[in-house]
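# An overview of the molecular structure
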Amino acid sequence: MNETLMDRILERDNLKEAWRRVKSNGGAPGVDGMPLEMFPGFVKEHWPQVRERIKAGTYVPLPVRRKGIPKPDGGVRNLGIPAVVDRVLQQAISQILTPIFDLTFSERSYGFRPGRSAHQAVRRACQDVKEGYAIAVDLDLLRFFFDEVNHDVLMERVARRVKDKVLLRLIGRYLRAGVDVGEGHIQPTVKGVPQGGPLSPLLSNIVLDDLDKELERRGHRFCRYADDEVILVRTVRAGERVMESVRRFLRKKLKLAVNEKKSRVARMSECGFLGFTVRRGKIQWTAKAEAEFKRKIRLITRRRRGVSMAQRFQELAQFMGGWMGYFRLSEHDRSLPELDDWIRRRLRACYWKHWRNVRTKVRELMKLGTKKRTAIQAAMSRKSYWRLSKTLATQTGLTNDWLKRQGLLSLKEMWVSFHYPSGTKVVTAFEATV
């Protein structure tokens, strides 16, 4: 089977599926400047030659284009954007190799695996906490894995199950393809895995599976999602011992290091795992996740943005729907009404500035049902937009129902629809305390 892996990768159906996934993910062009739209034309004209070079083992991937993504806590995360052709080939390789390697991966590894999700990882960690393993050894490997992983260590682990030398050579060339850091300057990649290519998640699982197996051998409770890992123990002293032993294992066996600034031993309620924490046996999103949510909302509802209100509602719906689609797993809902109210108030302030002059404000408020005297008093006021966003005039005109009809989603309603499906009685946090 291994001798024909490259043939399977280059099968028409596998390549078509790879192109479908790359196209659906979108993305910017690589160093060759080719956008996704031009790829079908390129294939018609050049694919036979590219295919022959791949099978002969002479194909050389293009360097990846570096793009810096600002991180919420400061700094920049460097992503590598492969050319479209290489993205499709990497995806095709991943589709064939994933079933081969996935069979041997740990049950406690959840990242980028078929039928597994971040929510499953968080639920597993919560169950471990309920069983008394409340101290977390919070490991952060992101920076050091993608920047520092040793190519020989990685390729040795790939070669354990892949014997096709042409395929191994191609994967090695992807690792050493180099990075375009700007102005045509190509920086060699003698170590690390470019973060951003379709093959990178599988390669990260292949390397870190050795750590999973070691933790399983020791009988530890742990959950890993790609490079984000938490080990759960009963006491702080045990956690410190585990942290030190894991450091040694990573350094000696995988030639990796732990990010000391972001790794620690603490109660799980004080740590974050995939944006969640566990407090009093319940899953909650972290304060950091909520702060990042509010930061994004502020950007969308910034009053100085020169966009229409319709566009604001569209951006809010897209962001809020996606955010709640992930964080709905939280069993904590007390802050949702307050967040909903805060978003509505920011939108009212946007409308207040959007209307600009006094006559427009009076006219629009009266059309929405505000009494004339109340509308005039508010429109003539010199108070700030934020102060005026919570007055009788704006509350009676820009009502909650009216904002909902404009397309504003409710975090609370989305959360309730997930936790209490149709036909189930909802008991609010307030009612539960009465």
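Residues numbered from 1 in each chain as written. Predicted model: local features only at pLDDT ≥ 70, side-chain atom pairs only at ≥ 80, totals over all residues. Heavy atoms only, no water.

Relative to the elements of secondary structure, R108 occurs in the loop between α4 (84-102) and α5 (118-130). Beyond its immediate chain neighbours, meaning those up to four positions away, R108 contacts R124, D128, R221, F222, C223 and R224. (Helix = DSSP H or I, 4+ residues; strand = E, 2+ residues; numbered from the N terminus. Contact = heavy atoms within 4.5 Å.)

All right, on to the pattern of salt bridges then. Per the stated rule, a full pass over the model turns up 25 salt bridges. Between D7 and K55 there is a salt bridge, with its nearest N and O atoms 3.7 Å apart. One end of the pair, D7, is in helix α1 (residues 5-9); the other, K55, is in helix α3 (residues 39-56), with 48 residues separating them in the sequence. K55 gets classed as partly exposed once you look at its relative accessible area, which sits at 38%. Between R160 and E156 there is a salt bridge, with the nearest N and O atoms lying 3.4 Å from each other. If you follow the salt bridges from partner to partner, you end up with R108, D128, E131 and R221 in one network. (Salt bridge = Lys/Arg side-chain N within 4 Å of Asp/Glu carboxyl O. Buried < 20%, exposed > 50% of the residue type's maximum accessible area, 1.4 Å probe, protein only.)

So, on to the confidence of the model for the protein. Predicted confidence across the protein gives a mean pLDDT of 90, with 94% of residues reaching 70 or more. Long-range and interchain partners of residues 426-434, a stretch whose pLDDT sits below 50, account for eight contacts in this model, where long-range means more than four residues apart. (pLDDT = per-residue confidence, 0-100.)

Time to look at the pairing of strand β7 (residues 228-233). Counted residue by residue, β7 has five buried out of six residues, so it is predominantly covered. Here strand β3 (residues 135-140) pairs with β7 via six bridges, running antiparallel. Bridge pairing in β7 places D140 opposite D228. What sits between the antiparallel neighbours strand β6 (residues 221-225) and β7 is a turn of two residues, in which A226 has the positive phi angle 60°. (Pairing = 2+ DSSP bridges.)

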